[in-house]
Amino acid sequence: MLKGKSLIDPMDFSIDELEEIFKLADDIIENPEQYSKIAFGKILATLFYEPSTRTRFSFETAMLRLGGQIVGFSEPNSTSVSKGETVADTIRVVGCYADIIAMRHPKEGAPKIAAMYSEVPIINAGDGGHQHPTQTLTDLLTIRKIKGNLNNSTIGICGDLKFGRTVHSLIKALSRYKNNKFILISPNELKIPNYIKKEILEKNNIDFVEAKKLEDVIENLDILYMTRVQKERFFNEEDYIRLKDSYILDKEKLELAKKDMIILHPLPRVNEIDYEVDEDERACYFKQAKFGMYVRMALMAKLLGVV
Ligand code: NCD
């Protein structure tokens, strides 16, 4: 039963519960009109303390496409937050008005605190450099749709593995499926955090290697997950400038890859995928963005208990 639950960490739901969400998303994709009124009378509040375009829009359009309504902010300075209100108080108040809340916050753990105080389901829409579970639902639905299942893949994750919250959540989630291997491609300074390495990969005996050059490993990959260097999490600009173009996927590198490899990216892209790659059949990142809306429709319908 997902009704009334919050989603803070990708491990909050069991594999069966995830499958329930994916099956519903499949059905919504096939028969969107059947679901266009199921959340009538329900209100989603989007509390975005950090910039976002696609995540906020995909939550909002998802709710509108379920027949519900939306309120929210994307600029906390225009709210009581600027008067010093705590997350706990904001949540208790917003929970009086809305039926479900999606929250993005620069502080790691803020959505977890919110869930402790909330009477209504909280969805973590990204907390600092920590986790981003709905991007992971998006990524998993995309892989499942294109590859047919979530097992038996060699997944290359490339770019900012240190600050990239989508990376942390994706590794956590995929480590629960069978026979997946990871190739973690990053510069030294942006390696995967130790807690993911020790507590997720090593603890569960998951096969993984770390690499520095994309072209050395690309031929082995079934899935290539590109990420942007997370400028906003750097302490100094010089480091960012030095590292920002560490990886650029272009046609030449793609020549080395399998014909059925899929390329994913949570977006926004900065420089890490050349525009010429967009025409390649293997480029799935815009499809992925669309799946993100459908999976959020399914998630909210389940948490609200309207299906
Ligand atoms: C990601 C995020 O916010 O972490 N974007 C998104 O939600 N689609 C990735 C990023 O910003 O690089």
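Note that the coordinates shown come from a computational prediction; the quantities given were computed from them, not determined experimentally. (Residues numbered from 1 in each chain as written. Predicted model: local features only at pLDDT ≥ 70, side-chain atom pairs only at ≥ 80, totals over all residues. Heavy atoms only, no water.)

Trainee: How do you make sense of the packing of helix α3 (residues 87-97) against helix α4 (residues 110-117) when you look at a structure like this?
Mentor: The relative placement of two packed helices is expressed as an angle between their axes plus a distance between the axes. Following both chains from N to C, one finds α3 and α4 inclined at 50°, their axes separated by 9 Å at the closest point. As the angle between them shows, α3 and α4 are arranged oblique. As for the relative orientation of α3 and α4, their crossing is right-handed in sense. Across from Val87, Ala88, Ile91 and Arg92 in α3, the residues of α4 making contact are Ala110, Ala114 and Tyr117. (Axes fitted to C-alpha atoms, helices over the stretch in contact; angles between N-to-C directions. Helix = DSSP H or I, 4+ residues; strand = E, 2+ residues; numbered from the N terminus. Parallel < 35°, antiparallel > 145°, perpendicular 65-115°, else oblique. Left-handed = near helix turned anticlockwise from the far one by under 90°. Contact = heavy atoms within 4.5 Å.)

Trainee: Sorry, what's going on with the site of the ligand here?
Mentor: Within the structure, the ligand sits among Arg54, Thr55, Arg104, His132, Gln135, Arg165, Thr166, Arg228, Gln230, Pro266, Leu267 and Pro268. The separation between an oxygen atom of the ligand and a polar side-chain atom of Arg104 is 3.1 Å. Here an oxygen atom of the ligand sits 2.8 Å away from a polar atom, N or O, in the side chain of Gln230. Within the complex, the protein chains bury 95% of what would otherwise be the 320 Å² of accessible surface of the ligand. Counting only elements with at least two residues in the shell around the ligand, the list comes to α2 (54-65) and α6 (165-174). For the shell around the ligand, the per-class residue count stands at three nonpolar, five polar and four charged. (Near = heavy atom within 4 Å. Polar contact = N/O pair within 3.5 Å; in protein donor to acceptor, adjacent residues only side chain to side chain. Areas by Shrake-Rupley, 256 points an atom, 1.4 Å probe, with all protein chains shown as cover. Nonpolar A, V, L, I, M, F, W, Y, C, P; charged D, E, K, R; others polar.)

Trainee: Would you take a moment to explain the domain arrangement of the protein for this structure?
Mentor: A common way to express how large an interface is: the accessible area buried when the components associate. Taken as a whole, the protein is organised into domain 1 (10-131 + 292-304) and domain 2 (134-289). For domain 1 and domain 2, the distance between their C-alpha centres works out to 25 Å. On the domain 2 side, the residues contacting the 29 residues of domain 1 number 25 residues. The contact between domain 1 and domain 2 buries some 2400 Å² in all, and 55% of this surface belongs to carbon and sulfur atoms. Scanning the region where domain 1 abuts domain 2 turns up five salt bridges. A salt bridge links Glu50 to Arg233; its shortest N-O distance comes to 3.0 Å. Inspection of the domain 1/domain 2 interface yields 15 residue pairs in polar contact (both at pLDDT 80 or more). For the side of domain 1 that touches domain 2, the elements supplying multiple residues, two or more each, are α1 (15-30), α2, β4 (122-127) and α11 (285-304). At eight residues, α1 tops the list of elements feeding residues into the side of domain 1 that touches domain 2. In terms of residue class, the side of domain 1 that touches domain 2 is made up of 13 nonpolar, eight polar and eight charged. (Domains from an automatic or database assignment. Buried area = accessible area lost by both parts, 1.4 Å probe. Salt bridge = Lys/Arg side-chain N within 4 Å of Asp/Glu carboxyl O.)

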